[in-house]
Amino acid sequence: MKFLLLKEKNKNQRVLLVPNDIKTLTSKGAEIYIEPNYGSSLGYPDHEYVSAGATIKKNYMSDISSYHVICKIGSVCSKILKKLTPTQIVWNYANPINENKYLYQLLKYNTTMVSIKSIQYTKDGSIFKVTEQLKGQLAASVIGFYLSRYQKKGLGKVFGKVEDFNSNLFIIGGSNAAGKSLIKSALALGSNVVVFDYNEADLEKVKNNNDYKQLCKINDCTLSVFKYDYEKLFSMLRQADAVVCAANDPNEPTHTIFNEKMITSINKGAVFVDLASDYGFASQTESKQTKLSKAVFTTADVIHFNVGNVSHYYPKTFSALISKINTELLEEVLKNTFNLETSPVLGNAVITYKGKITNSTIANSLKLEYTPLKRIVKD
């Protein structure tokens, strides 16, 4: 089976496979071709990929239809899509729920596309879980930085505990991967943490987490959990120094949780972080994603941070993590276990199959026709 790895454009330095994992796949019979300088921006020169068994391919367009799997972090351009056959697989990290133009191109050219960003949680984790943990880490750094900047409208407070002073962090949707990562970071610094979530069973897990309990004991801080309730949250927001909306399921569009009235009730100089902005906005006061170079804006003197695509800012860490997961999944493709009956994890990640939408959530959210993958495979 032949795999073609395309490098990213502009300033995107991430890669789907690193040399060590290339070696694993080629040892199992995969033929892997890469564009020149595929991983050079991350310190992976071409000769390391060649030593691992890959072949450098300069003019891949001339025989693009001969590759079984086309791998790329971002969307594949229409110039390539129109030359592919429906039996070829486009292997992406992109999620078309927020890239409608790309989705329509996939349908137009009868493309089969897998989004590993859409793979659900498994017992041993998923790429979604890994990248959400990176978001939680970033949020902790962001809160600490902007909360302390008194001259720039911050509260002039530390994120954590100093002597008898504790800052207060509110997390909405805190029982998922991003929320858990942030809870642990905040408690380790000595912050008091309040978690709101819709799922009571998940909240119980947060409440009974032994690591969290130990951190509270060591740092003399508190962890409180509540089932999400608008009135309760609204009444408590004045106590928050920082408020974070953790990300949803990547197949689900984010719902607006905060109306403008809620935002204006938060203390002036507090920090509001939207970790769900990849999938929509959690607040009425947001209108677009911000970039790390110009990361914040204020509404009612509340500092907003809603940078999307966080993994973009950790290219080497992200690439190493995603490469390991990709290797495991591409081994499934090598075994030809590419359908719902034999590979439910992969089946869940199929967005379009031969030009039909096979992801029900994306189809329903965009009001497009949905066709179960199982039915197409049988046909």
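Everything here concerns the structure above.
Note that this is a predicted model, so its numbers are computed, not measured. Throughout, a residue's number is its position along its own chain's written sequence, starting from 1. Totals for whole chains, interfaces and linings use every residue, but because this is a predicted model, local features are given only for residues with pLDDT of at least 70 and side-chain atom pairs only at 80 or more, for both listing and counting. Remark: hydrogens and water are excluded; side-chain values derive from all non-hydrogen atoms of the structure.

A word on the pattern of salt bridges
Part 1 of the argument: Salt bridges are identified by distance alone: a Lys or Arg side-chain nitrogen within 4 Å of an Asp or Glu carboxyl oxygen. Under the criterion given, the structure shown has ten salt bridges.
Part 2 of the argument: The closest approach of N and O atoms between aspartate 301 and lysine 153, which form a salt bridge, is 3.5 Å. Taken together, the positions of aspartate 301 in the loop between β14 (296-299) and β15 (302-305) and lysine 153 in the loop between α5 (127-147) and β7 (161-162) put the pair 148 residues apart, joining distant regions of the chain.
Part 3 of the argument: Here lysine 157 and aspartate 241 are joined by a salt bridge, their closest N and O atoms 3.0 Å apart. Taken together, the residues span a long stretch of sequence, with lysine 157 in the loop between α5 and β7 and aspartate 241 in the loop between α9 (230-236) and β12 (242-245) at a distance of 84 residues.
Part 4 of the argument: Per-residue accessibility, obtained with a 1.4 Å probe over protein chains only, is compared with the maximum for each type, and a residue is labelled buried under 20%, exposed over 50%, and partly exposed between these values. Since its relative accessible area comes to 2%, aspartate 241 is described here as buried. The helix and strand labels rest on DSSP assignments: H or I over at least four residues marks a helix, E over at least two residues marks a strand, and numbering proceeds from the N terminus.

Thoughts on the sheet that holds β12
Part 1 of the argument: Taken together, the seven strands give an open sheet; going across it, the order is β11-β10-β9-β12-β13-β15-β14, and neighbouring strands pair in mixed fashion. In the strand order of this sheet, the two ends are held by β11 (223-227) and β14, each with one partner. In this sheet, adjacent strand axes meet at a mean angle of 20° when their direction is disregarded.
Part 2 of the argument: Should DSSP find at least two bridges between two strands, the strands are regarded as paired. Bridge analysis of strand β13 (residues 271-274) against β15 gives three bridges, and the strand direction is parallel. Every axis in this analysis is a line fitted to C-alpha atoms, fitted for helices over the stretch in contact. Angles between the N-to-C directions lie between 0 and 180 degrees.

Observations regarding the side chain of lysine 72
Part 1 of the argument: Looking at the element boundaries, lysine 72 is found in strand β4 (residues 69-72).
Part 2 of the argument: For lysine 72, a relative accessible area of 10% gives the class buried.
Part 3 of the argument: Only heavy atoms enter the contact rule, under which two residues are in contact if any of them lie within 4.5 Å. Among residues more than four places away in sequence, those in contact with lysine 72 are Leu6, Lys7, Glu8, Leu16, Trp91, Asn92 and Tyr93.

A closer look at the pairing of strand β2 (residues 31-34)
Part 1 of the argument: Note: strand β1 (residues 2-5) against β2, four bridges, orientation parallel. Along β2, the bridge assignment pairs leucine 4 with tyrosine 33.
Part 2 of the argument: A crossover gets the label right-handed when its path from the first strand over the helix to the second runs clockwise, viewed with the strands pointing away from the viewer. As for the winding sense of the linkage, the β-α-β connection from β1 through helix α1 (residues 19-26) to β2 is right-handed.

As for the layout of surface pockets
Part 1 of the argument: Using protein atoms alone on a 1 Å grid, points that fit a 1.4 Å probe yet trap it form a cavity, whereas open point sets bounded by protein on both sides within 12 Å along at least five of seven lines form a pocket; residues with an atom within 4 Å of a point count as lining. Grid points are joined across faces, edges and corners, and a volume is the space filled by probe spheres set on the points. Of the voids in this model, the largest pocket is the one considered here, and its volume is about 810 Å³.
Part 2 of the argument: Residue lining of the largest pocket: 28 residues in total, with Asn12, Arg14, Glu99, Asn309 and His312 positioned closest to the centre.
Part 3 of the argument: Polarity classes work like this: nonpolar for Ala, Val, Leu, Ile, Met, Phe, Trp, Tyr, Cys and Pro, charged for Asp, Glu, Lys and Arg, and polar for all others, with Gly in that last group. Residue composition of the lining of the largest pocket, grouped by class: eight nonpolar, eleven polar and nine charged.

Examining the sheet that holds β2
Part 1 of the argument: Read across the open sheet, the eight strands follow the order β3-β2-β1-β4-β5-β6-β16-β17; overall the sheet is mixed. Each edge of the open sheet is held by one strand with a lone partner, namely β3 (55-56) and β17 (356-357).
Part 2 of the argument: Relative to β4, β1 is paired through three bridges, and the arrangement is parallel. Bridging across to β4, phenylalanine 3 finds its partner in valine 69.
Part 3 of the argument: Relative to the sheet, helix α11 (residues 315-334) contacts β1, β4 and β5 (89-92), its axis offset from that of β5 by approximately 170°.

A few points about the packing of α1 against α11
Part 1 of the argument: Contact geometry for α1 and α11: axes closest at 10 Å, N-to-C directions at 15°. One finds that α1 runs roughly parallel with respect to α11. Note on packing geometry: the crossing formed by α1 with α11 is right-handed. Residues Asp21, Thr24 and Leu25 of α1 form the contact with α11, whose participating residues are Ser323, Lys324, Thr327, Leu330, Glu331 and Leu334.
Part 2 of the argument: Split by residue class, the contact of α1 with α11 holds three nonpolar, three polar and three charged. Small angles under 35 degrees read as roughly parallel and large ones over 145 as roughly antiparallel, with 65 to 115 read as roughly perpendicular and the rest as oblique. In a left-handed crossing the near helix is turned counterclockwise from the far helix by less than a right angle, and in a right-handed crossing that turn is clockwise.

Focus: the pairing of β5
Part 1 of the argument: A two-sided burial pattern is seen for β5, the buried positions comprising Ile89 and Trp91 on one face and Val90 and Asn92 on the other.
Part 2 of the argument: Inspection of the sheet shows β5 paired to strand β6 (residues 112-115) by four bridges, in the parallel sense. Opposite tryptophan 91, over in β6, you have valine 114 as the bridge partner.

A short note on empty space enclosed by the protein
If you roll a probe as big as a water molecule over the atoms, it shows you where there is empty space left.
Part 1 of the argument: Tallying each qualifying case throughout the model produces one cavity of 30 Å³ or more.
Part 2 of the argument: In this structure, the largest cavity encloses a volume near 60 Å³.

A word on the environment of lysine 232
Part 1 of the argument: Turning to its location among the elements, lysine 232 is positioned in helix α9.
Part 2 of the argument: Under the relative-accessibility criterion, lysine 232 is labelled partly exposed at 35%.
Part 3 of the argument: Residues lysine 232 and lysine 58, 174 residues apart in the sequence, show an inter-C-alpha distance of 60 Å.
Part 4 of the argument: What lysine 232 contacts, discounting residues up to four positions off in sequence, is Phe196 and Phe226.

Topic: the state of the cysteines
Part 1 of the argument: Only a pair of cysteine sulfur atoms within 2.5 Å qualifies as a disulfide here. Across all of its chains, the model carries zero disulfides by this definition.
Part 2 of the argument: In this structure cysteine 71 is not part of a disulfide, and its nearest cysteine sulfur, from cysteine 77, lies 15 Å away.
Part 3 of the argument: Not part of a disulfide, cysteine 216 finds its nearest cysteine sulfur in cysteine 221, a span of 4.4 Å.
Part 4 of the argument: Given a relative accessible area of 13%, cysteine 216 falls into the buried group.

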